[in-house]
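Examination of the molecular architecture
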Amino acid sequence: MNRFDPAESLTPIPAGASVGGRAGEYGAILFDGTQLRQADPRWFDPAQWGERAQRVDGSGRGGAWFIDATHGPCVLRQYLRGGMVGHFNRDLHLWRGTRHVRSFVEFRLLRELLRRDLPVPQPIAASYLRRGPGYRAWILMERLPDVRSLADHMADAPADAPLEQTGRLIARFHRNGLDHADLNAHNILFDGVGKGWLIDFDRGRLRIPETRWREGNLARLKRSMLKLRGTRDVAAVEEDFARLRRSYDALWSRGT
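Calculation notes
Residues numbered from 1 in each chain as written. Predicted model: local features only at pLDDT ≥ 70, side-chain atom pairs only at ≥ 80, totals over all residues. Heavy atoms only, no water. Domains from an automatic or database assignment. Polar contact = N/O pair within 3.5 Å; in protein donor to acceptor, adjacent residues only side chain to side chain. Nonpolar A, V, L, I, M, F, W, Y, C, P; charged D, E, K, R; others polar. Axes fitted to C-alpha atoms, helices over the stretch in contact; angles between N-to-C directions. Helix = DSSP H or I, 4+ residues; strand = E, 2+ residues; numbered from the N terminus. Parallel < 35°, antiparallel > 145°, perpendicular 65-115°, else oblique. Left-handed = near helix turned anticlockwise from the far one by under 90°. Contact = heavy atoms within 4.5 Å. Pairing = 2+ DSSP bridges. Salt bridge = Lys/Arg side-chain N within 4 Å of Asp/Glu carboxyl O. Buried < 20%, exposed > 50% of the residue type's maximum accessible area, 1.4 Å probe, protein only. UniProt positions renumbered as here; feature names shortened; annotations may be inferred. Core = buried A, V, L, I, M, F, W, Y, C linked by side-chain atoms within 4.5 Å. Expected span 1.5 Å × (residues − 1).

For the protein chain, the assigned domains are domain 1 (8-142) and domain 2 (147-253). Averaged C-alpha coordinates put domain 1 and domain 2 at centres separated by 26 Å. Inspection of the region where domain 1 meets domain 2 yields five residue pairs in polar contact (both at pLDDT 80 or more). Class assignment for the residues of the side of domain 1 that touches domain 2 results in eight nonpolar, no polar and six charged.

This is the structure:
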């Protein structure tokens, strides 16, 4: 996905210009020039927001904050490393050129999904700071109001969890070729009237809708549901997923 976007603006961050930067780091901010007149490096430093920044509980590796910004509620996320690598390198990624910067890739993917009328958060800006062969990255995006994750629904009232809606939602994204790299019950959100969204598209990409990667997405979601089952029987969660899968298959078979 390399569509030219005339609305994109890129603001350089000279060395030493970022308040939270490390010595010798420099970078850039990517944003929509039709929505913002300018972008500020301070947006990507939670400390600069003071009491208006609140760390997100249960945000995986801990790199997300809710921001009470003047232009509306936002989510700031830093791209952190996990697994064994994360024990000695929390936030540095190998530099492979601007077009491969993880925050820029996700920013552009979100904008493309919005162009396809898919329910995802509106990206506001993305940034990176580079020094030598490594870089750090952040993305700032719209915070969806009054939503709960599928994981929360299943923990509180599994019988009433929006499983059929989840199946149709995923089928809709798959029909548009979205391969979600981390499809789990925390990354599927619903509001009070049943509208659903997908979030967290790091390492996601658009592909030809082939069976292999679609099944991989669904298998990952099933593992997530089983992991979060608490005291429920495995058989009960298997039936929950079967409901979700029937709904997915029904929409997928329609070809829409």
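Moving on, we get to the packing of helix α6 (residues 211-227) against helix α7 (residues 234-254). In a pair of packed helices, the angle between the axes and the distance between the axes together describe the arrangement. Following both chains from N to C, one finds α6 and α7 inclined at 150°, their axes separated by 10 Å at the closest point. The orientation of α6 with respect to α7, classified from their angle, is roughly antiparallel. For the element pair α6 and α7, the recorded crossing hand is right-handed. Of the residues in α7, those touching α6 at R214, E215, L218, L221, K222, M225 and L226 are V234, V237, E238, D240, F241, L244, R245, Y248 and W252. Taken together, the residues that form the contact of α6 with α7 break down as ten nonpolar, no polar and six charged.

Below, the discussion takes up the sheet that holds strand β11 (residues 188-191). Sheet architecture is open: three strands sit in the order β9-β11-β12, paired in antiparallel fashion. Taken across any chain shown, the strands that pair with only one partner, and hence form the sheet edges, are β9 (147-149) and β12 (196-198). Averaged over all neighbouring strand pairs, the angle between strand axes comes to 30°, with direction disregarded. Contacting β11 and β12, helix α5 (residues 163-175) runs over the sheet at an angle of about 120° to β11.

Now for the pattern of salt bridges. Once their charged atoms are close, side chains differing in charge can pair, the charge on each being opposite to the other. One pass over the structure, following the stated rule, counts 23 salt bridges. In this structure, R102 and D202 form a salt bridge, with 2.4 Å as the shortest nitrogen-oxygen distance. On the criterion of sequence distance, the pair formed by R102 in helix α3 (residues 102-115) and D202 in the loop between β12 and β13 (205-206) is long-range, its members being 100 residues apart. Judged on exposure class, the residue R102 and its partner D202 are both buried. A salt bridge links E112 to R116; the nearest nitrogen and oxygen atoms lie 2.9 Å apart. One salt-bridge network, in which partners are shared between bridges, spans D5, D32, R111, E112, R115 and R116.

Okay, the UniProt feature "active site" (unreviewed entry) in the protein chain next. UniProt marks D182 with the feature "active site" (unreviewed entry), using the numbering shown here. Mapping D182 onto the fold places it in the loop between β10 (178-179) and β11. Contact partners of D182, with chain neighbours within four places excluded, come to N187, D200 and R220.

Turning to the nonpolar core, a few remarks are in order. Core analysis: the biggest nonpolar cluster contains 45 residues, and L113, F173, I188, F201 and M225 have the highest contact counts within it. Two domains each donate at least three residues to this core, and these are domain 1 (8-142) and domain 2 (147-253).

Before going further, it helps to spend a moment on α7. It helps to recall that an α-helix has 3.6 residues per turn; residues three or four apart then point in one direction. Over its 21 residues, α7 extends 31 Å from the first C-alpha to the last, a length consistent with the 30 Å expected when each residue adds 1.5 Å. Along α7, the residues classified as buried are V237, D240, F241, R243, L244, R245, S247, Y248, L251 and W252. Looking at the buried positions of α7, the neighbouring elements they touch are α4 (150-156), α5 and α6. Two residues or fewer after α7 comes G255, characterised by a positive phi angle close to 75°.

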